[in-house]
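Overview (structure and organization)
Single-letter residue listing:
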Amino acid sequence: MMKTSFLTFVVLILVSLVSLRAAELTNLRCEYLENPFGIDAVKPRLSWKITEGDSSSATRGIAQAAYQVLVASSMELLAKDQGDLWDSGKVDGDQSIQVEYKGKPLAPRMRCYWKVRVWLAGRSHGEGWSEPAMWTMGVLEPADWNAKWIEFTTVETSPWVRKEFKLAANPESAIAFVNVRGYYELYVNGNKVGDDVLSPAVSDLRKRSLYRAHDISKLLRAGDNCIGLWLGRGWSRSGIQARAQIHMTVDGQDVVVGTDRSWSFSPSTHGLLGTWKWGDFGGECVDARRAIPDWSKPGCKAGEWKPVTECDAPEGLVVAQSCEPNRIGAVIPLAKCTALATNVWELDFGTNLTGWLRLKMPSLEPGQKVVMRYADKRFQSPAGDKTPAGDIKATAAWTIKTDGGGIAYQTFKQIDEFISAGNHGEAFCSKFNYHGFRYVIVEGLPKAPQKGDAEALLIESDLKDAGDFSCSNELFNRIHQVNVWTLRSLNLGGYMVDCPHRERLGYGDGQLGVESLVMSRNAPAFYAKWTEDWLDGQQTTGDLPHTAPDQGGGGGPAWGGAGCVLPAKLYQFHGDKRLLERAYEPMRRYVEFLESRCKDGVLRAYGGKWDFIGDWVPPGRGMDTKNWPEKPAQELFNNCYRIYLIEQLAKAAGILGKTNESQRWLARLREIRPLIHKEFYNVEAGQYVIDEQAYQLMPLMTGVVPEDLKETVMKRLEELIQVKNKGHLDTGMLGTYFLLQYLQETGRNDLVYTIMNQTTYPGWGYMLSQGATTLWEQWNGYYSQIHSCFTCPSGWFYQGLAGIRPDPAAPGFKKILIKPAIVGDLTWVKAHYDSPHGRIVSNWRREDEKLTIEVTVPANTTATVFMPARDAVSVTESGKTAKQATGFKLIRCENSEAAFEVGSGTYQFQSTLP
């Protein structure tokens, strides 16, 4: 008996140990980045994720009860559990994101090593320490810069700049801070530093320039050394201005080398082509005859080197780049090579993308030139059977006559040149410019490229994967893949461009793809940086520009509204209250600017032709027509967007504890909604302004429609989708985004399914049926083929079909909504999203009337799971009834849907469909 009891005791202990195994703390981040180097946030924010075993066996209901953070000035101290910079002590609470550093003041260039441990609810002991992480401080004050600014006002080529110096010994540490208004690459002793390209990110140079920090300790040595900068003009249209400062510790002594007139420069192989403006971003001329292979090595005597010119410090802030750098994200092999004429070739890479061509050259004569033109679109001329795709605009085209007729390419004057030095093994690749293309037309190449000789390189902001989606509808899968690829082709430079070739401007269009990008890629640092660009552009009147960081182009209230929407979205998805606080006053000033343009409570058209655009490029109302919506339609649309912004402002005020402000804006909404309804509702027609979807949708979405008319207007919207347009949309850029959002939020995912499932014009399926590999600027394919206008479908795939959404009650996915849409003929959906707290999974499968939903809720979060069901009794979890199972509880069951509150863990719900 005693032996049996002892064995039972051992078994119980083992079971207890399994159920209470240590949690693992992973994904330690500082300011959203992994081990960031050279930040200037003096109170950086830290985060971590809690995991416990594989999801199939993880304990349910894991919640953090307390945490302790240690930050030390050395790894040795951290290993001894000594946080000489900050020891938070045991802090009660479940916060694991946006945890602000509260230790000693941080000094420039300081290395900070940190780790965290947590106590879990229901456990008396603390969990083990995480693996260590670190961050490095950058330059914090203007006085910390000793380097002189140097400039190149006349930039015929992208200059090489160099400085030789001696070191008494190998350095213990060495950090290079590089601050360039333009682009740069850093070299040390002949080696390029890092794998980033086109650095730094783009900023509004009137307001700020960005610096980056590089650890170059392992590249320096005792004796002779050389620092090299390869500079490109980029967006600095007045010329290049640069400075670099290298801090080294050698034999325990501080050694600093900075730019000054002792540095020298020489023209490089690369020079800019084009004017770097609308429709003429050109490319680069690479003259291999100017090559100096050892230009950044000590002792180089080749070439003509002259002293650089010092200049005064330019105006504007200097801040650390806070977002990920650009990197080569994919290498695309040549899909097809076609001879067009003698020594003229069409290189087809099978997909549109943004980036570079890498082309190995055959043997060429010295001085022989090869010209490359880049196109995102081609078609045979004469056009033959015309489709809604329309013609290429003549100013953007390049044509060639072939035996089979003419071929036209939409190039937007994108062009590169290569001039040979006559050497074996020569190759072309861009350096400080880039292109949007699928096709490259190469002239002057004596023979076709062999396999491996030509590659296309996607350049993108280095955002890591954050999600995945697939379903039983292959069209939806293809739309999702093209949507994400388009976003990857538009995010170069720390902002979302409209297109990579014609304009390269950060239009307000970018707000439409936020859900799609956030759920697919890890983008909080990217969007936080872009928000700052918008705020930098605010005028003294409170008006916000149509584009940021570089300003230009047309738009309307919604374009500048991106500066208000982005911080609100970042709070929703990542709990970033600091950015919301930073943005609140600019948000308020922009809303007040719009209010100043109102008459009798109604916003009226203001500015010129390009200042009050409403819904942009709906079908039949694009740039290839003169059929733009009339002023009443524009005014209705923009009044509704104005309400949308006031709603965001009122929410932000409430979040920030500005109760009176929040109440004031809510009162304003109650005042103006009836005025807008009265102004634009046509009683006889039973609709707003014109019989198109956007103009019924926007009043519904923003509460303009009186309660007694909501059913009528919603019915009209449904008729416009199902009957008038036969299941298609007729919305433009903004209207499409808001249509998907509104139908999702109101439970009409069946209508979204109908719209998304079309393969005829207009729609995403039509684009794909016409061979689109990235999403177009217009529904009919006119103009840009790589564009931001319609990049919202993936947001619906994740948040609508898979149903993964943040709960407004607790931002940053601290509380989660899982509300999948079981619509159309879909039989299964699989999706996951790596939220700030961990991976969320929502997979569902339908077999006749049986529905199975598999859900994973990350540790330290809770979720509300909405289960379509005939009744609550029919719902089981892992084969058990709701009363028998653990880890969740039924909240309510109504409208053929059971709602369950669940803690962390993995669940398998089953129900009988209503």
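Here's what I pulled together on the structure shown here. A quick note: this is a predicted structure, and the numbers were derived from the prediction, not measured. (Residues numbered from 1 in each chain as written. Predicted model: local features only at pLDDT ≥ 70, side-chain atom pairs only at ≥ 80, totals over all residues. Heavy atoms only, no water.)

1. Some words on the overall build of the protein chain
The test is simple: Helix numbering and strand numbering both begin at the N terminus, where a helix is a DSSP run of H or I of at least 4 residues and a strand a DSSP run of E of at least 2. Note that the radius of gyration is over C-alpha atoms, with the globule rule given as 2.2 Å times the number of residues to the power 0.38. Three exposure classes are used, based on accessible area relative to the maximum for each residue type with a 1.4 Å probe and protein chains only: buried under 20%, partly exposed in between, and exposed over 50%. Working rule for contacts: check all heavy atoms of both residues, and any pair within 4.5 Å makes them a contact. Using the Shrake-Rupley algorithm and a 1.4 Å probe, accessible areas are obtained, with residue cover drawn only from the displayed protein chains. A residue counts as positive if it is Lys or Arg and as negative if it is Asp or Glu; His and the chain ends are not included. Charge coordinates come from a single atom per side chain, which is NZ of Lys, CZ of Arg, CG of Asp or CD of Glu.
Within the protein chain, the secondary structure is distributed over 16 helices and 51 strands. In terms of C-alpha radius of gyration, the protein chain reaches 29 Å, essentially the compact-globule figure of 29 Å for 914 residues. By its C-alpha atoms, the protein chain is 85 × 85 × 55 Å across when sized along the principal axes. Evaluated residue by residue, the protein chain yields a buried proportion of 60% over its 914 residues. Intrachain contacts of the protein chain at a sequence separation of at least 6 include 75% that bridge at least 24 residues. Put simply, the protein chain shows about 35,700 Å² of open surface, and 49% of that area lies on carbon and sulfur atoms. Put simply, the protein chain has 102 plus and 105 minus side-chain charges, and the middle of one group is 1 Å from the middle of the other.

2. Quick look at the packing of aromatic side chains
How two aromatic rings sit relative to each other is given by the distance of their centres and the angle of their planes. The criterion, for reference: Under the pairing criterion, centres of Phe, Tyr and Trp rings, with the six-membered ring standing for Trp, must be within 6.5 Å; the plane angle then separates stacked pairs below 30 degrees from edge-to-face pairs above 60, leaving the rest tilted. Cation placement over rings: the criterion is NZ of Lys or CZ of Arg within 6 Å of the ring centroid and within 35° of the ring normal.
Taken as a whole and assessed by the stated rule, the structure comprises 52 aromatic pairs. Ring centres of F888 and Y907 lie 6.2 Å apart, and the angle between their planes is 90 degrees; on these two criteria the pair is classed as edge-to-face. Placement of F888 in strand β49 (residues 888-894) and of Y907 in strand β51 (residues 905-912) is noted, with a sequence separation of 19 residues between them. Just as F888 is buried, Y907 falls in that class too. One aromatic cluster in this structure is built from F469, F476, Y753, W796, F797 and Y798. A cation over an aromatic ring shows up here: K115 above the ring of W129, its NZ or CZ 4.9 Å from the ring centre. If you follow R502 out to its NZ or CZ, it ends over the ring of Y783, 4.3 Å from the centre.

3. What about the sheet that holds strand β7 (residues 99-100)?
Our working rule: Whether two strands pair comes down to DSSP finding at least two bridges between them.
If you walk across this open sheet you meet the three strands as β1-β3-β7, and the pairing is antiparallel. Of all the strands in the sheet, the pair left with one neighbour each is β1 (24-30) and β7. Inspection of the sheet shows β1 paired to strand β3 (residues 45-51) by five bridges, in the antiparallel sense. The residue of β3 that forms the bridge with E24 is T51.

4. Some points on the environment of V370
When you line up the elements, V370 lands in strand β28 (residues 369-375). The exposure class assigned to V370 is buried, which follows from its relative accessible area of 0%. Through-space distance from the C-alpha of V370 to that of E417 is 5.7 Å; in sequence the pair is 47 residues apart. With residues near it in sequence (within four places) discarded, V370 still touches M361, L364, D416, E417, F418, V442, E443, G444 and L445.

5. Observations regarding the environment of V442
Examined against the element boundaries, V442 turns out to sit in strand β34 (residues 435-443). Along the sequence, V442 and A427 sit 15 residues apart, while their C-alpha atoms lie 14 Å from each other.

6. Considering the sheet that holds strand β41 (residues 804-806)
Two strands in a sheet stick together by hydrogen bonds in their backbones, pointing the same way (parallel) or opposite ways (antiparallel). Selection criterion: Axis definition: a line fit to C-alpha positions, over the contact stretch in the case of helices; interaxial angles, taken between N-to-C directions, run 0 to 180 degrees.
Spatially, the five strands line up as an open sheet ordered β41-β42-β46-β50-β49, and their pairing is mixed. Lying at the two open borders of the sheet, with one neighbouring strand each, are β41 and β49. On average, each strand axis in the sheet is inclined to that of its neighbour by 20 degrees, with strand direction left out of account. Across four bridges, strand β42 (residues 815-818) lies against strand β46 (residues 862-868) in parallel orientation. In the strand pairing of β46, K815 is matched with T862.

7. Regarding helix α3 (residues 474-488)
Test applied: In this scheme, a helix's expected span is set at 1.5 Å multiplied by one less than its residue total. Between N or O atoms, a polar contact is any pair within 3.5 Å; within protein, one atom must be a potential hydrogen donor and the other a potential acceptor, and residues adjacent in sequence are included only when both atoms are from side chains.
Spanning 15 residues, α3 covers 21 Å between terminal C-alpha atoms, matching the ideal 21 Å at 1.5 Å per step. Within α3 the residues assigned to the buried category are L475, F476, N477, I479, H480, V482, N483, V484, W485, T486, L487 and R488. The N-cap of α3, judged by a side-chain oxygen 2.9 Å from the amide nitrogen of L475 a few residues on, is N473.

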